[in-house]
Structure formats: structure tokens, C-alpha cells
Amino acid sequence: MNLVDATQTPAWAWLGQLRDSLNVDFRSWFAADPERAQRLSFRAGDLFVDMSKTYLTDDIKAALLQLADQVGIAQRREAMFRGERINVTEHRSVLHTALRQPPAALEGDHLTVDGQDVTVDVRSVLERIYAFAREVRSGRWLGSSGKPIRTVVNIGIGGSDLGPVMAYEALKPYVQQGLECRFVSNIDPTDITETLKGANPETTLFIVASKTFTTAETITNAKQARGWLLDGLKAHGVIHDDEAALTAAVAQHFVAVSTNLEKVAEFGIDPRNAFGFWDWVGGRYSVDSAVGLSLALAIGPDNFEEFLAGFRAMDEHFRTAPAQENVPLLMGLLNVFYTNFLGAATHAVLPYSQLLHRFPAYLQQLTMESNGKRVRLDGSDVTSSTGEVWWGEPGTNGQHAFYQLIHQGTQLIPADFIAFANPAYPLSFDGVDQHELFLSNFFGQTAALAFGKTADEVRAEGTPEEIVSARVFPGNKPTVSIMAQALTPKTLGELIALYEHIVFTQGVVWGIDSFDQWGVELGKQMALALAPAISGDADALAGQDASTQQLISFYRAHRVK
């Protein structure tokens, strides 16, 4: 497939002209077009997406869709779904979409890549996950002392942590009573120490999630967890210091998400309790694979299938919905317009749901590790800005922190607002529905950002003239509002897949490989090389730059052991 430079297309030139003549005035736009809200609102699965308070005009929408056509998004989308090797630097297929094939797929046409039946492979691993989940959830899987599992600790980092912890937090109302999940990712010893506080080694199960089983942070934490388990079991009188008992305890309390069965066995985990995934699944796209084992244990196989069904519904929408109403396509293209034509450097995601408090952090990896690239698919330099800084916090917390900058600052910050009609925990006081009070902020903030408050309106409130300008809200701040009936496993899957396909759309326009992540490698390599200097090797320290020498010297002078 030919690589098209988006900046050289007729659509790009047209977008530049539209940018130059753009005069955003939401008040007049809505007044002149009573159908604007309806025309620019769309359904995608169970999600209702209102894009009327964005900078879309009929001409900008038409130009963006022409750009999509001219860079070949539809062709590249099909190449991804077919399993072509669109991850060019690693020469891999990109098939996270294959992870959500329904059980019925086994009765239909199978997806085959490089002679391997992907459909059978995916369902086979899922059935093993479900069987294991049933064992743990039913209490049939016992710890060394014969007690059922009550605490599951997932040890991973990056995609092996951010996805599972985000989804677990989002779906806590679906977690089986008496079963909890905890998550360790940081190599900072504080993380594992705090995570294991109060846990009972007799009823704790560890999941070590590392495809290669060599990830430094994960294996270090796994070794610490193994020591904590064995020390605790010995202290409880469950086992003694004989090798067979120690080996049996590790095998009973540890499972792996990995494909390196040799390393898994060396650690002491029974390879039969290792759940694999494939090279065509990037870490940040893997929560619906075996990496989601902790979630499957927590919410159960039926709910996990609903989770997958949500991904699948958004995949189908992205693949088949007409371009004019294709939500991931339109949102991705609009983000390109904000970034490349209006200079937006950041993008806020503001969920009005406390359960989604880790969703912005999850999206940070998904978006920035995917599209934070400086070279194109052919190795040439990019011809435009790429990527945005993604960030956010749940409302209403963010309102009392950073909304000031969005409302009255000088930077353009597009924002996605997410809310649900029904709360997980309905509460009321003095006849007031607390969820309605909460959502009044969701509705009010997007309206305030769009329509603002004029100087005359401020004066009409009796504001002294000398502070009128400080209380003016310019408005015309772009937002997308995403709503659903409730935060369920299915709607969560839809939300995740929505942003996966937004990332894909932007990456195709920019001509980059959204599925490698070489940018994370250099710092890790240098960290390993620095270990001798940190430990006191004078020659190794002398080989470092002056700043690093100074910092290591400070550390060694002040470390108390």
C-alpha cells in the first residue's frame, strides 16, 4: 500500500483554507442552525456521542472525510482487520480486534494469519481463562493451607497493569463479593509493600503478567512477592523449609500471563497455569486478552464476555458505519484538525464517573505510546505535528483543579466529557437525587465551555466594572459529550475500542506506525548500564556524563542502609 503524505493532499490544502476563514461562534451557529445538535450527534453501539459543540462545520467535515479518503484510511483499516503486517518496524500483524471474536466465530469463517488459526487460538485461551476463573470464584482453587482465594494480586507494568487496573476499578460493582484484586507495577519498593499490607498469604493468588517473563520491573516485584508469600506461609506454620513444600506453595499461589514457558517454570510456576497471548497484540491493546485475567477472575466469565461484546460492537461500527456518521473516524479526524491546524497540544478526557478515575491514565499509554512518533512508516521524518498530550481527572474533582485553564486560559484544549444516565450507587438526600446533582455539572460545564458569558451579561449581574473582564468567559471551547445508559462491562469495552480506533485514524493520517514503541527502550537500556555505577563501581561512574555522576554521587552520599 502506498504511503501518502497527508500534507500534500488537496484535502489538507482545503482544511488550511477553512482554518484561515474559521470564525467559531457557537452561539450564532446554534441559533442559525436549530438542527445542529441533532445532525452532529451519533450512535456507536450503546454510546450516544454529541459532537455539536466541536469545530465541525459542513465544510470542515467534508474536508476531513476527503482527507480520510485521500490517505486511505478505509484500506488500511481493512488491512488491520485482515491481519496484514501493518506494524512495519516489528513486521507484525495488528490484531487486537481478533481478541473479541464471539464463540459463534468458531462455527463460521476463521481468521488465519501465517497459517495459524487465530480464531481457534483466541477462543482456546479464553476458555482456559474462564475455566480457571470458575475454579477460583467457586472456592475450588485452594491455597496451601486449604483456604479459598480472597485476594488476587496482578503484577505487571504498562499494558499489563494500566488496562486491568482501569477496568477493575471501572467495573467494581460487578466484582464478586469476598474477592478483591490489587495491582503492583512500580519497581519502587513502596508499591509492593503498600499493596501487600493486610493481605493474607494463605488466601492470596499472584498473577505475573509479562509476555517474555523478563520485564525487569515485573520480575523484580514477582520475586519480592514470592519471598513475601513463603515467609508468610512459614510464619503461619503452613509450610516449613523443605524444598518440595516451598515449590508446591509457589505453584499453588502463582500463575502467569506469558508465552515464555521456560522462564515461567524456572520461577516456580506450573506452565499449565500460564496463559499466553501473541506477538500481534501490543501491550496497550491487551486488556481483552489473557492480560485481563485478573478482571475475568473478579467479574466472572459471563461479564467478561459482555466486556468483549462491547469491543466487538465498536469494531463493527468502525468497520461498517458510513464515514459521515462513523464516530471513531470523525473524532480521530477532528483531533487531527485541532492538532495540525489549530495548534492544540493537549486533549482532556473528563469522565463524570468516579469508577472511571483511571481511564485518563489508561488513555495516556494508549494514545501517547501509539502516536508519539517522529518518523513515518517509510523511515522518513514526519511532515506535521503528531500526537497530543492526553490527560484528565474525573468530574467534579477537575472542576476545582484545572478547569480554570480550559475556560479562561489562552490554550486551545479540546475535551471529551463522559457520563452515564444511571449511577452504580443511587443516593439521595432531602429529596435531592445526588446523581442528578452530579450530572448537572456535566451538562453545565459543556454548555459553559461552548457558550461562555459576555461582558454585558457579567455587568447585568451587577459586577463592578473594574472586574468585569476577569469574569468574562470567552466560550467557543470545543467538547465532545459521550453518554450511555450505564457503565457496564459492555459499555466499558465500547469506550476502550472507541479510543483505540481514534488512535488508529490519527496514525494513518500522520503516516506513522501506531503499534511499535521504540521510544521506551533507550531509558531502560541506560538504567541497566548504570547499575554498576550506582552500586559503587568507580570506573563505571567515571564513564558517565557530569550531571549523572553528580546525581549518583549525591545518592551514594545520602543513602542510609
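Rules and cut-offs
- Residues numbered from 1 in each chain as written.
- Predicted model: local features only at pLDDT ≥ 70, side-chain atom pairs only at ≥ 80, totals over all residues.
- Heavy atoms only, no water.
- Helix = DSSP H or I, 4+ residues; strand = E, 2+ residues; numbered from the N terminus.
- Rg over C-alpha atoms; globule rule 2.2 N^0.38 Å.
- Buried < 20%, exposed > 50% of the residue type's maximum accessible area, 1.4 Å probe, protein only.
- Contact = heavy atoms within 4.5 Å.
- Areas by Shrake-Rupley, 256 points an atom, 1.4 Å probe, with all protein chains shown as cover.
- Lys, Arg positive; Asp, Glu negative; His and termini not counted.
- Charge placed at Lys NZ, Arg CZ, Asp CG, Glu CD.
- Axes fitted to C-alpha atoms, helices over the stretch in contact; angles between N-to-C directions.
- Parallel < 35°, antiparallel > 145°, perpendicular 65-115°, else oblique.
- Left-handed = near helix turned anticlockwise from the far one by under 90°.
- Pairing = 2+ DSSP bridges.
- Expected span 1.5 Å × (residues − 1).
- Phe/Tyr/Trp six-rings, centres within 6.5 Å; stacked < 30°, edge-to-face > 60°.
- Lys NZ or Arg CZ within 6 Å of the ring centre and 35° of its normal.
- Salt bridge = Lys/Arg side-chain N within 4 Å of Asp/Glu carboxyl O.
- Core = buried A, V, L, I, M, F, W, Y, C linked by side-chain atoms within 4.5 Å.
- Nonpolar A, V, L, I, M, F, W, Y, C, P; charged D, E, K, R; others polar.

A count of helices and strands for the protein chain gives 22 helices and 15 strands. Here the protein chain has a C-alpha radius of gyration of 26 Å; the compact-globule value for 561 residues is 24 Å, and the two agree. Counting only C-alpha atoms, the protein chain reaches 80 × 60 × 60 Å along its principal axes. Counting over 561 residues, the protein chain shows a buried share of 52%. For the protein chain, the proportion of contacts with a sequence separation of at least 24, taken over those separated by at least 6, is 73%. Accessible surface for the protein chain amounts to roughly 24400 Å². Of this, 51% is attributable to carbon and sulfur atoms. The centroid of the 45 positive side-chain charges in the protein chain is displaced by 3 Å from the centroid of its 65 negative side-chain charges.

Turning next to the packing of helix α15 (residues 359–371) against helix α19 (residues 489–510). Relative orientation of the contacting elements α15 and α19 amounts to 25 degrees, with a least axis distance of 10 Å. In terms of orientation, α15 lies roughly parallel with respect to α19. Two packed elements cross with a definite hand, and for α15 against α19 that hand is right-handed. Of the residues in α19, those touching α15 at Phe359, Tyr362, Leu363, Leu366, Thr367, Ser370 and Asn371 are Leu495, Ile496, Tyr499, Glu500, Val503, Gln506, Gly507 and Trp510.

Overall, parallel pairing links the five strands, which are arranged β6-β5-β7-β8-β9 in an open sheet. Of all the strands in the sheet, the pair left with one neighbour each is β6 (180–184) and β9 (274–275). Taken strand by strand, helix α10 (residues 243–253) contacts β7 (204–209) and β8 (254–257), and its axis lies near 50 degrees from that of β8.

Looking now at helix α20 (residues 521–535). For α20, built from 15 residues, the straight-helix expectation of 21 Å at 1.5 Å per residue is met to within 8% by its first-to-last C-alpha distance of 22 Å. Backbone geometry just after α20 places Gly536 at a positive phi near 120 degrees.

Take the side chain of Ser294 next. Here Ser294 shows up in helix α12 (residues 293–299). A relative accessible area of 1% means that Ser294 is categorised as buried. Beyond its immediate sequence surroundings of up to four residues, Ser294 is in contact with Val152, Asn154, Pro164, Cys181, Phe183 and Ile207.

This part is about the packing of aromatic side chains. On inspection of all chains with the given rule, the structure shows 31 aromatic pairs. For the ring pair Tyr285 and Phe515, a centre distance of 5.4 Å and an interplane angle of 45 degrees mean the geometry is tilted. Linking Tyr285 in the loop between β9 and α12 with Phe515 in the loop between α19 and α20, this pair joins segments that are 230 residues apart in sequence. A residue is classified by how much of its surface remains accessible, and Tyr285, at 2% relative accessible area, is buried. Taking 6.0 Å as the distance between ring centres and 90 degrees as the angle between the ring planes, the aromatic pair formed by Trp390 and Tyr499 counts as edge-to-face. Within this pair, whereas Trp390 is found in strand β11 (residues 389–391), its partner Tyr499 is found in helix α19, the two being separated by 109 residues in sequence. The exposure classification of Trp390 matches that of Tyr499, with both residues buried. Connected via pairs of aromatic rings, a cluster forms that spans Tyr352, Trp391, Phe402, Tyr403, Phe417, Phe438, Phe442 and Phe443. The ring of Phe318 has Arg77 lying over it, and the distance from NZ or CZ to the ring centre is 5.3 Å. Across from the ring centre of Phe267, 4.3 Å away, lies the NZ or CZ of Arg226, which sits over that ring.

A pair can form between side chains of opposite charge whenever their charged atoms are brought close. Applying the stated criterion across every chain, the model contains 30 salt bridges. The partner of Arg182 in a salt bridge is Glu180, with the nearest N and O atoms 2.9 Å apart. Glu180 sits in the partly exposed class, given a relative accessible area of 30%. We note a salt bridge from Arg272 to Asp270, for which the minimum N-O separation is 2.7 Å. Judged by relative accessible area, which is 66%, Arg272 ranks as exposed. Within the structure, one salt-bridge network assembled from shared partners comprises Arg100, Asp288, Asp315 and Glu500.

Cis geometry is adopted by the peptide bond preceding Thr396, which originates at Gly395 and carries an omega value of 10 degrees. Within the secondary structure, Thr396 is located in the loop between β11 and α16 (403–408). Even without glycine at this site, His91 takes up a positive phi of about 50 degrees. Considering the arrangement of structural elements, one finds His91 in the loop between α5 (73–82) and β3 (112–113). Although it is not a glycine, Asp430 adopts a positive phi angle of roughly 50 degrees. Within the secondary structure layout, Asp430 lies in the loop between β13 (428–429) and β14 (432–433).

Time to look at the nonpolar core. Of all hydrophobic cores here, the largest spans 123 residues; its most connected members are Met331, Phe359, Ile482, Leu492, Tyr499 and Val509. Counting residues per element, this core draws most heavily on α19, at twelve residues. Sequence-distant contacts of Phe359, that is, excluding residues within four places in its chain, are made with Met166, Val349, Ile418, Leu495, Ile496 and Tyr499. Among the nonpolar cores identified, the runner-up in size contains 25 residues, and Leu196, Ile219, Ile239 and Phe254 belong to it.

Before going further, it helps to spend a moment on the environment of Ala455. Relative to the helices and strands, Ala455 is located in helix α18 (residues 455–460). Assessed through its relative accessible area of 24%, Ala455 is described here as partly exposed. Residues Ala455 and Val472, 17 residues apart in the sequence, show an inter-C-alpha distance of 5.6 Å.

With mixed pairing, six strands are arranged side by side in an open sheet as β1-β2-β15-β12-β10-β11. Looking along the sheet, the strands with just one partner apiece sit at the ends: β1 (41–44) and β11. Along the sheet, successive strands turn relative to each other by an average axial angle of 20 degrees, direction set aside.

Bringing the packing of helix α1 (residues 10–21) against helix α4 (residues 58–71) into the picture now. Direction vectors running N to C along α1 and α4 enclose 160 degrees, while the axes themselves pass 8 Å from each other. When the axes of α1 and α4 are compared, the pair comes out roughly antiparallel. Here α1 runs over α4; the crossing is left-handed. Contacts between α1 and α4 involve Pro10, Ala11, Trp12, Trp14, Leu15 and Leu18 from the first element and Asp59, Ile60, Ala62, Ala63, Leu64, Gln66, Leu67 and Gln70 from the second. Class assignment for the residues of the contact of α1 with α4 results in eleven nonpolar, two polar and one charged.

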